[in-house]
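Chain and residue survey
This is what each chain is made of:
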Amino acid sequence: MSDTAALRPSALLPCLALLVNAFFWGLAWWPFRRLDALGLHSLWATAFIYGLGTVLVTLWRPRAWRALVAHPVLAWIMLASGLNNVAFNWAVQEGEVVRVILLFYMMPVWATVMARWLLREPVTGVSLLQIALAVGGAVLVLWRPGLGLPVPRNLPEWLGLFGGFCFACVNVLLRRHADTPNEARSLAMFAGACAVAVVAGLALGPSGRVPLPPAPQLGWVLGLSLLAVTLMFGNLALQYGAARLPAQTTALVMLSEVIFASVSSVLIAGEVLSPYAVMGGVLILASALLSALAPAWRERRASLGTGPS
């Protein structure tokens, strides 16, 4: 599909589907916080949501488990997907949404490093520019005058940063193991998120950091069920849109998640966007934008015979 194809009327529905997914995840912090207020920590909510996804994939493709066992290398995708979801959901439950989201979107830095290590992809001038923009943006986002070095200062900020790293690992690993069955990779991502959330919840339960789930009550059971259905619908929308649009178009549209999260956190949670956070966010989004556009530029340069950038 050419670049111009993404602008045709036939691409409108896939773009809207991607926007729906970005909207759901951009506002996911709010139901996670509401569930936490009812006594259900995000780790247990994550376990339920992805446990449901695991059941659905199993019903859809019963042979997926056999394919997953036949490709033990997918265990790395299970681990990375689990850590990504646990870190992100926990971070937005407790931290400043905008700061967490922006730190999460430093993915181009980690993706460049992981792609070099696992895929042997070259580090180009564009890659170095992406890293410089993302790191510079993170410094501004974390900058608080008089507090010393601009580093994450609480658990949610560290989790946001770590979650972005794990998400980059998931993307690189999916490319590395693209020859494995689709249903096995999908099952690995869902089952991994469920398993890691359960293990983390049980491990942190005795310390009181993550309380065990409360007794079933209509409030949190209904809220969790609605959240699970919403995010599953969002996942289907993502798969529908991503399968019908160029990868760079998908990446560009998905950046709208940052906008949805920022606006909702200001309107609902009353968060304040500092000038440093705004400037840093612009740099981080510019880095993500370069990451989305770089493949198309490389293809165009190659077609013109000018070689890689």
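Structure: see above.
Heads up: these notes are all about the structure in this document. Computed from a prediction, not measured in an experiment: that's the story for all the values here.

1. Section: the overall build of the protein
The number of helices and strands found in the protein is 14 helices and zero strands. Taken across its 309 residues, the protein has 46% of its residues classed as buried. Working note: accessible area of the protein is about 15,200 Å², and carbon and sulfur atoms make up 71% of it.

2. Re the packing of helix 2 (residues 29-37) against helix 5 (residues 75-94)
Their axes nearest at 8 Å, the elements helix 2 and helix 5 cross at an angle of 75°. Taken together, the axis directions place helix 2 and helix 5 in an arrangement best described as roughly perpendicular. Residues W29, F32, R33 and D36 of helix 2 pack against N89, V92, Q93 and E94 of helix 5. For the contact of helix 2 with helix 5, a count of residues per class yields three nonpolar, two polar and three charged.

3. A closer look at the nonpolar core
Core analysis: the biggest nonpolar cluster contains 69 residues, and I49, I101, Y105 and M106 have the highest contact counts within it. Counting residues per element, this core draws most heavily on helix 10 (residues 182-204), which supplies nine residues. Those residues in contact with M106 that sit more than four places away from it in its chain are A134, V135, A138, L161 and I284. C15, L18, V253 and M254 belong to the second-largest nonpolar core, a separate cluster that totals seven residues.

4. Considerations on the packing of aromatic side chains
Under the criterion given, the structure shown has ten aromatic pairs. A centroid spacing of 6.0 Å and a plane angle of 70° characterise the contact between F104 and Y105, whose relative ring orientation is edge-to-face. Residue F104 is classed as buried on the basis of its relative accessible area, which comes to 7%. Grouping aromatic residues by their ring pairs yields a cluster made of W25, F88, F104, Y105 and F167.

5. What to know about the pattern of salt bridges
Pairs can form between side chains of opposite charge once their charged atoms are near each other. Under the definition given, this model contains three salt bridges. R33 serves as the salt-bridge partner of E271, at 3.9 Å between the closest nitrogen and oxygen. Linking E271 in the loop between helix 13 (256-268) and helix 14 (275-303) with R33 in helix 2, this pair joins segments that are 238 residues apart in sequence. As a salt-bridge pair, E94 and R209 come within 3.1 Å of each other at their nearest N and O atoms. You can see E94 sitting in helix 5 and its partner R209 sitting in the loop between helix 10 and helix 11 (218-242), a full 115 residues away along the chain. R209 gets classed as partly exposed once you look at its relative accessible area, which sits at 36%.

6. A short note on a nonpolar patch on the surface
A cluster of nonpolar side chains, namely W30, I259, V263, V266, L267, I268, L273, V278 and V282, defines an oily patch on the protein surface of about 830 Å² accessible area. Among the secondary structure elements, those contributing two or more residues to the nonpolar patch are helix 13 and helix 14. Of the residues forming the nonpolar patch, the biggest block, five residues, is contributed by helix 13. L267 sits in the exposed class, given a relative accessible area of 70%.

7. Thoughts on the environment of A115
As for its placement among the helices and strands, A115 is situated in helix 7 (residues 107-118). You can call A115 buried: its relative accessible area is 4%. Between the C-alpha atoms of A115 and V172, which are 57 residues apart in sequence, the distance is 6.2 Å. Not counting residues up to four positions away in its chain, the partners in contact with A115 are R120, E121 and V172.

8. A short note on helix 13
With 13 residues, helix 13 ought to run about 18 Å at 1.5 Å a step, and its terminal C-alpha atoms sit 18 Å apart, in line with that. S256, E257, V258, A261, S262, S264 and S265 are the residues of helix 13 that are buried. Phi for G270, located one or two positions after helix 13, is positive at around 70°.

9. Some points on the side chain of T112
In this fold, T112 is placed in helix 7. Residue classification places T112 among the buried positions, given a relative accessible area of 12%. Residues within four places of T112 in sequence aside, it is in contact with V123, S127, Q130 and I131.

Rules behind the numbers
- Here the residue index of a chain counts from 1 through its sequence in written order.
- Given that this is a predicted model, residues contribute local features only at a pLDDT of at least 70 and side-chain atom pairs are listed and counted only at 80 or more, while totals for whole chains, interfaces and linings are drawn from all residues.
- Only hydrogens and water are removed before side-chain values are computed, so all heavy atoms of the structure are retained for them.
- Comment: elements are numbered from the N terminus, with helices defined as DSSP H or I runs of at least four residues and strands as E runs of at least two.
- Using a 1.4 Å probe on the protein chains alone, a residue whose accessible area is under 20% of its type maximum counts as buried, one over 50% counts as exposed, and one in between counts as partly exposed.
- Areas reported here follow the Shrake-Rupley algorithm with a probe of radius 1.4 Å; residue values treat only the protein chains shown as occluding.
- Lines are fitted to the C-alpha atoms to define the axes, a helix being fitted only along its stretch in contact, and any angle between axes, read from their N-to-C directions, falls within 0 to 180 degrees.
- Working rule for angles: under 35 degrees goes down as roughly parallel, over 145 as roughly antiparallel, 65 to 115 as roughly perpendicular, anything else as oblique.
- Contacts are assigned to residue pairs that have any heavy atoms within 4.5 Å of one another.
- Residues are grouped as follows: Ala, Val, Leu, Ile, Met, Phe, Trp, Tyr, Cys and Pro are nonpolar; Asp, Glu, Lys and Arg are charged; all remaining types, including Gly, are polar.
- Grouping buried Ala, Val, Leu, Ile, Met, Phe, Trp, Tyr and Cys residues that are joined through side-chain atoms within 4.5 Å yields what is termed a nonpolar core.
- In this scheme Phe, Tyr and Trp rings, the latter by its six-membered ring, pair at centre separations within 6.5 Å, and the angle between planes marks the pair as stacked below 30 degrees, edge-to-face above 60, and tilted otherwise.
- Salt bridge, as applied in this entry: a Lys or Arg side-chain nitrogen positioned within 4 Å of an Asp or Glu carboxyl oxygen.
- Patches here are clusters of residues that have more than 30% relative accessible area and form no salt bridge, with a 9 Å joining cutoff for like charges and a 5 Å cutoff for nonpolar side chains (Val, Leu, Ile, Met, Phe, Trp, Tyr).
- To estimate the expected span of a helix, subtract one from its residue number and multiply by 1.5 Å.

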